[in-house]
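# Fold and geometry: a report
Here is how the chains run, residue by residue.
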Amino acid sequence: MDSLDNTVRPYAWGSHTAIPALLGTAPTGTPQAELWMGAHPGAPSRLDRGAGTVTLTEIIRADPQAELGPETVAAFGPRLPFLLKLLAADAPLSLQVHPSRSQAQTGFADEERRGVPLDAQHRNYKDANHKPELLCALTPFEGLCGFRPAAEAAALLEGLGIDDLKPYVLALRDRQAADASPSSLGRGHPMREVLTALLGADRAALAPTVDRAAEAAARLGGPYAPYAGIARHHPGDPGVLAALLLHHVSLRPGEALYLGAGVPHAYLSGLGVEIMANSDNVLRCGLTPKHVDVPELLRVVRFEPTEPGLLRPEPRPGGEEVYPAPIDEFRLSRYVLGTGGTGGTGSEDGGPGRAVLPAGGPQILLCTDGTVTLRTQHAELTLARGRSAYVPASETVTATGPGTLFRATVAL
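Values in this document were obtained by computation on a predicted structure and should not be read as measured data. (Residues numbered from 1 in each chain as written. Predicted model: local features only at pLDDT ≥ 70, side-chain atom pairs only at ≥ 80, totals over all residues. Heavy atoms only, no water.)

Right, let's get into the sheet that holds strand 18 (residues 354–357). Taken in spatial order, the 4 strands of this open sheet run 18-23-20-21, and their pairing is antiparallel. On the outer flanks of this sheet lie strand 18 and strand 21 (380–383), each paired with one strand and no other. Taking each pair of neighbouring strands and ignoring which way they run, the sheet shows an average axis angle of 20 degrees. (Pairing = 2+ DSSP bridges. Helix = DSSP H or I, 4+ residues; strand = E, 2+ residues; numbered from the N terminus. Axes fitted to C-alpha atoms, helices over the stretch in contact; angles between N-to-C directions.)

Shown next, in the form of structure tokens:
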């Protein structure tokens, strides 16, 4: 069991205060957007087993069977298959979508064949893996997730009262009327047509329409208020109009959101624990100055309406609360450990106020409230808020509070 030293990523959309407040450190004066825990090559966690500081990547590479366990290596290869993060958003992230595994494999192979450098700004695929993810809110959390039904999106656009948006409203509401209009958006799935038109439009020409829509959203408030907020951060961006096609989602602390392949989404504000497959593959739809590859994006996006599936933790024996997700690379759960038995009630669970975390796969454990003491056969470690530990596959952990502990492992 190892205490982890983790890297904070200073992306521009990050909060200046949320992660420092959780860690009990002073703000740096710059955004602190994400705290990475894992073995991602971009920012691997560091640890010290007595011979100096090394990365978790190096530890796993030296003996993957011992660190990850035979089942994990057989399923995912000699690497940690998930990445755990604290994510603190103070401004909208880019509107984005992640590919399926087969789409990522095809896209990665194509860019490799064409010799596109891995660090090129116009590169879409950094690896051949998919990137499903799950976010659990620690504070009230706002985001966008999945397309609205076409009629609902049409009503929202029409409610802004902007004449320039009428062709999009017609395309969403009535296929025949849209084809007959002077500004026809073409044939095919109406949501595809509208998104294609928005992302393919001349940005300078569309900017006045975006600005009028933003002014109307600010004036109308209510369901339009989140989109007015997005527009304040991204004036004139076509992604503001694309965002209106998506559901707005509000998470309460403890609620979570799972995002599978092809589902467009964007986080807007709040602090949460995020877990994902260990991949860098992101295709962007807007709300960003970064590269947007419209043809590739349209190949990956799922255009059917998708109701955001809010997840609440499911109680399991031993005090574990699991956030169910249809994925093998990761499994996220939570223990709320009190002093009088909330984390386990019998000897099989470790006794009152205790929880036993079984061996079998690699684990990263993160304390988000109070303090949690971890014990294995060989070590003892106390985690304060914001601190985390790595546990190799062979180690069983007993955890005691009072505190809240998130457990990231594989779902084999």
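Attention now moves to the pattern of salt bridges. Summed over all chains, the structure comprises 24 salt bridges. Note that Arg173 is salt-bridged to Glu158, the shortest N-O span being 2.8 Å. Placement of the pair is Arg173 in helix 7 (residues 166–173) and Glu158 in helix 6 (residues 150–158), with a sequence separation of 15 residues. Of the residues examined, Glu158 reaches a relative accessible area of 45% and is grouped as partly exposed. In this structure, Glu255 and Arg312 form a salt bridge, with 2.8 Å as the shortest nitrogen-oxygen distance. With a gap of 57 residues between them, Glu255 in the loop between strand 10 (246–251) and strand 11 (256–259) and Arg312 in the loop between strand 14 (310–311) and strand 15 (314–315) connect regions that are remote in the sequence. Each of Asp2, Arg49 and Glu67 takes part in salt bridges that share partners, so that together they form one network. (Salt bridge = Lys/Arg side-chain N within 4 Å of Asp/Glu carboxyl O. Buried < 20%, exposed > 50% of the residue type's maximum accessible area, 1.4 Å probe, protein only.)

Within this structure, the stated rule accounts for 0 disulfides. Free of any disulfide, Cys136 has its nearest neighbouring cysteine sulfur in Cys367, separated by 14 Å. (Disulfide = S-S within 2.5 Å.)

Looking now at the environment of Ser394. Take Ser394: it is sitting in the loop between strand 22 (388–391) and strand 23 (397–400). Assessed through its relative accessible area of 56%, Ser394 is described here as exposed. A sequence separation of 328 residues divides Ser394 from Ala66, and the C-alpha atoms of the two residues are 7.1 Å apart. Apart from the residues within four sequence positions on either side, Ser394 is in contact with Ala66 and Ala359. (Contact = heavy atoms within 4.5 Å.)

Further remarks concern the side chain of Arg123. Looking at the secondary structure, you find Arg123 in the loop between helix 5 (101–113) and strand 8 (133–137). Classification of Arg123 by relative accessible area gives buried; the value is 5%. Of note is the side chain of Arg123, whose polar atom sits 3.0 Å from the side chain of Glu111. (Polar contact = N/O pair within 3.5 Å; in protein donor to acceptor, adjacent residues only side chain to side chain.)

What follows is about the side chain of Glu67. One can find Glu67 in helix 3 (residues 64–68). The exposure class of Glu67 is buried, given its relative accessible area of 7%. Filtering out sequence-adjacent residues up to four positions away, Glu67 remains in contact with Arg49, Ile59, Ile60, Pro362, Tyr390, Pro392 and Ala393.

So, about the nonpolar core. One finds Leu144, Leu160 and Leu245 to be the most contacted residues of the largest nonpolar core, which totals 51 residues. Among residues more than four places away in sequence, those in contact with Leu160 are Leu165, Ala213, Ala216, Ala217, Arg219, Leu220, Tyr224 and Leu244. Among the nonpolar cores identified, the runner-up in size contains 37 residues, and Met37, Phe76, Leu271 and Tyr390 belong to it. (Core = buried A, V, L, I, M, F, W, Y, C linked by side-chain atoms within 4.5 Å.)

Let us now look at unusual backbone geometry. Residue Pro402 is reached from Gly401 by a cis peptide bond, and omega for that bond is 15 degrees. By secondary structure assignment, the location of Pro402 is in the loop between strand 23 and strand 24 (403–409). The residue Leu287 is not glycine, and still its phi comes out positive at about 60 degrees. Its location among the elements puts Leu287 in the loop between strand 13 (283–286) and helix 13 (294–300). For Leu287, a relative accessible area of 2% puts it in the buried group.

For helix 5, spanning 13 residues, the distance from its first C-alpha to its last is 18 Å, which sits close to the expected 18 Å at 1.5 Å a residue. Looking at helix 5, one finds that the buried residues are Gln103, Ala104, Gly107 and Glu111. On an axial view of helix 5, the arc spanned by its buried residues comes to 95 degrees, and they lie on one face. Looking one or two places after helix 5, you find Gly115, whose phi comes out positive at around 70 degrees. (Expected span 1.5 Å × (residues − 1). Arc of directions from axis to C-beta.)

Time to look at the sheet that holds strand 24. Here we have 7 strands laid out as an open sheet, ordered 1-22-19-24-17-16-15, and antiparallel in their pairing. Edge positions in the open sheet fall to strand 1 (2–3) and strand 15, since each of these has one partner strand only. Pairing between strand 1 and strand 22: 2 bridges, direction antiparallel. For Asp2, the partnering residue across the bridge sits in strand 22 and is Tyr390.

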